Amino acid sequence: MRGTITSPTTTASCSLHPGYLQVLPACLQQLGVTPDHVFAPTTLAALATLTEDMRQPVEAWEALLRHAEVALADSHPDLDLALDLAEFVKPWDTGPLGFITMASRDLREATEALAHFYSLLNDVYVLHATLEDQRFELSLQPLGPCPSADLERLTLATIAWHARWLSQHAELAFDVEFTGPAPTPARMARMAQTFGGAVHYGALRSRMSGPGHYAGLAISRGDHGVQAMLRAQLSDRMRSLHAESGSFLHLVERQILDRLEAGTATLDAVAGALGLPARTLQHRLEAAGLSFRALHDRVRHQQAVLLMGEGRHTLTEVALKLGFASQSSFHSAFKRWTGQTPGQAQKRPALAATGRITPQTTT
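Per chain, residues are indexed from 1 in the order of the written sequence. At least 70 in pLDDT is required for a residue's local features to be given in this predicted model, at least 80 for side-chain atom pairs to be given and counted, and no such filter applies to totals for whole chains, interfaces and linings, which use all residues. Hydrogens and waters are ignored; side-chain quantities use all the structure's heavy atoms.

Peer 1: Looking at this structure, I do not really get the packing of aromatic side chains. What am I missing?
Peer 2: Aromatic ring pairs are described here by two measures, namely the spacing of the ring centres and the angle between the planes. Pairing of aromatic side chains here covers Phe, Tyr and the six-membered ring of Trp, requires ring centres within 6.5 Å, and sorts the geometry by plane angle: under 30 degrees stacked, over 60 edge-to-face, intermediate tilted. Enumeration according to the criterion identifies 8 aromatic pairs in this entry. Where Phe174 meets Tyr214, the ring centres are 5.5 Å apart and the plane angle is 75°; that geometry is what we call edge-to-face. With Phe174 in strand β5 (residues 174-178) and Tyr214 in the loop between β7 (207-211) and α9 (227-244), this pair connects stretches of sequence that are 40 residues apart. For Phe174, a relative accessible area of 7% translates into the label buried. Categorising residues by exposure relies on relative accessible area from a 1.4 Å probe, with only protein chains included: less than 20% of the type maximum marks a residue as buried, more than 50% marks it as exposed, and the intermediate range marks it as partly exposed. Accessibility expressed as a relative area gives 9% for Tyr214, which makes it buried. Under the scheme used here, helices are H or I runs from DSSP no shorter than 4 residues and strands are E runs no shorter than 2 residues, and both carry numbers assigned from the N terminus.

Peer 1: Looking at this model, I keep getting lost on the sheet that holds strand β3 (residues 125-132). Mind explaining?
Peer 2: For two strands to be treated as a pair, DSSP must find no fewer than two bridges joining them. Ordered by their spatial adjacency, 5 strands build an open sheet running β3-β4-β7-β5-β6, and the pairing between neighbours is mixed. Taken across any chain shown, the strands that pair with only one partner, and hence form the sheet edges, are β3 and β6 (196-201). The mean inter-strand angle of the sheet, taken between neighbouring strand axes irrespective of direction, is 15°. Where strand β4 (residues 135-142) and β7 come together, 5 bridges link them in antiparallel fashion. Bridging across to β7, Phe136 finds its partner in Gly210. By definition in these notes, contact holds between two residues if any of their heavy atoms fall within 4.5 Å. With axes taken as lines fitted to C-alpha atoms, and helix axes fitted only over the stretch in contact, angles between N-to-C directions fall between 0 and 180 degrees. Each of β5, β6 and β7 touches helix α8 (residues 185-195); the most contacted strand, β6, lies at about 135° to it.

Peer 1: Would you take a moment to explain empty space enclosed by the protein for this structure?
Peer 2: Empty space among the atoms can be located by rolling a probe the size of a water molecule over them. Put plainly, a pocket is an open set of points on a 1 Å grid over the protein atoms alone with protein on both sides within 12 Å along at least five of seven lines, a cavity is a set where a 1.4 Å probe fits but cannot get out, and a lining residue has an atom within 4 Å of a point. Grid points are joined across faces, edges and corners, and a volume is the space filled by probe spheres set on the points. For the structure shown, the criterion picks out 4 cavities of 30 Å³ or more. In terms of lining residues, the largest cavity is bounded by Leu107, Thr111, Phe136, Leu138, Ile159, Ala163, Leu172, Phe174, Met208 and Tyr214. Among the residues making up the lining of the largest cavity, the classes are represented as 9 nonpolar, 1 polar and no charged. Amino acids are sorted into nonpolar (Ala, Val, Leu, Ile, Met, Phe, Trp, Tyr, Cys and Pro), charged (Asp, Glu, Lys and Arg) and polar (every other residue, Gly among them).

Peer 1: Just to check I follow, could you spell out the side chain of Glu62 for this structure?
Peer 2: Note on placement: Glu62 falls in helix α3 (residues 58-71). Charge assignment: positive for Lys and Arg, negative for Asp and Glu; neither His nor the chain ends contribute. Basic side-chain nitrogens of Lys or Arg form a salt bridge, by our definition, when they fall within 4 Å of a carboxyl oxygen of Asp or Glu. It is Arg66 that comes nearest to the buried, bridge-free Glu62 among opposite-charge side chains, at 5.7 Å. Pairs of N or O atoms are called polar contacts if they sit within 3.5 Å, as long as, within protein, a hydrogen donor faces a hydrogen acceptor (for residues adjacent in sequence, only side-chain-to-side-chain pairs). Within the structure, Glu62 has its side chain in polar contact with the side chain of Ser148 (distance 2.7 Å). In contact with Glu62, not counting residues within four places along its chain, are Ser148 and Asp150.

Peer 1: Looking at this model, I keep getting lost on the pattern of salt bridges. Mind explaining?
Peer 2: When the charged atoms of two side chains with opposite charge come close together, those side chains can pair. Throughout the structure, instances matching the rule amount to 11 salt bridges. The salt bridge involving Arg190 is made with Asp84; its shortest N-O contact spans 2.8 Å. With Arg190 in helix α8 and Asp84 in helix α4 (residues 81-88), this residue pair connects regions lying 106 residues apart in the sequence. We classify Arg190 as buried; its relative accessible area is 19%. The class of Asp84 is buried, set by a relative accessible area of 11%.

Below is the structure:
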């Protein structure tokens, strides 16, 4: 069988949390299919032994999907396992990340938390969330050279189903755009049923959007008091993952982060630390759809919301830790990132502790 499961503690860029693979047998059972009729016993045994630190290549997950779809082609001719997984997986299946979305006050907070901690699930994409012009949008930016159409469908469809479940609004409809050519008419109809809105292909970046008021829909399932604990746990896990990861963008982000407070996070300094000419670094970032300035801005934004979420720093201290020359320049940058001033964000604790909300002007 293609896509052999490996067991490294970390992998290079384009790796997934092992849960992506381990949920497949249970999903097949939900579809009325016996897993051992699809996968060899050795494959199922290997899946069962994966632990959380055994990140898997995205190609291994895609190979399992293709194998199952081919094996079930006669009985399930239009099977799209990525969409089936999206409907099957519940928030708690992702552990603390799912619980923090359940403990959020509204869909905006839940989505912001997911965007910030998304790298715990995979390092194939960055998830961006924006609220502009009365539209709430999520988009996927590839991090490396191996984009996955299956992962794009799974991610956006899972968010759509979870948004309905968390808000108890089954009628929520989302418009979606995907990269690549359109699928068969049967799969296209399935996509329309999943998202409830318009479905288009051939886009430059996969994205999902809905009316702006969706962001304010309340979530009443969780205990908001556990947010700080969950956020600290996920932050520690993400720092550990990034410290061990071989992902090129993670390496650049770490170099930027280490130099923010000293004000030395320049293109030349970071390139030198990585042993690269500045032009080469810029070209590699451009290949990932980024500029050094945009990545520097993103690291500052992430660190800002984490520092403010801790509640231990004044705004002046946060500004200095991020390398801003003055509090006023930090104030301007923060408003550009979030549409709010730092003072307004501090009055809403959950927002100050959530994550990667990237203005379209910086991506």
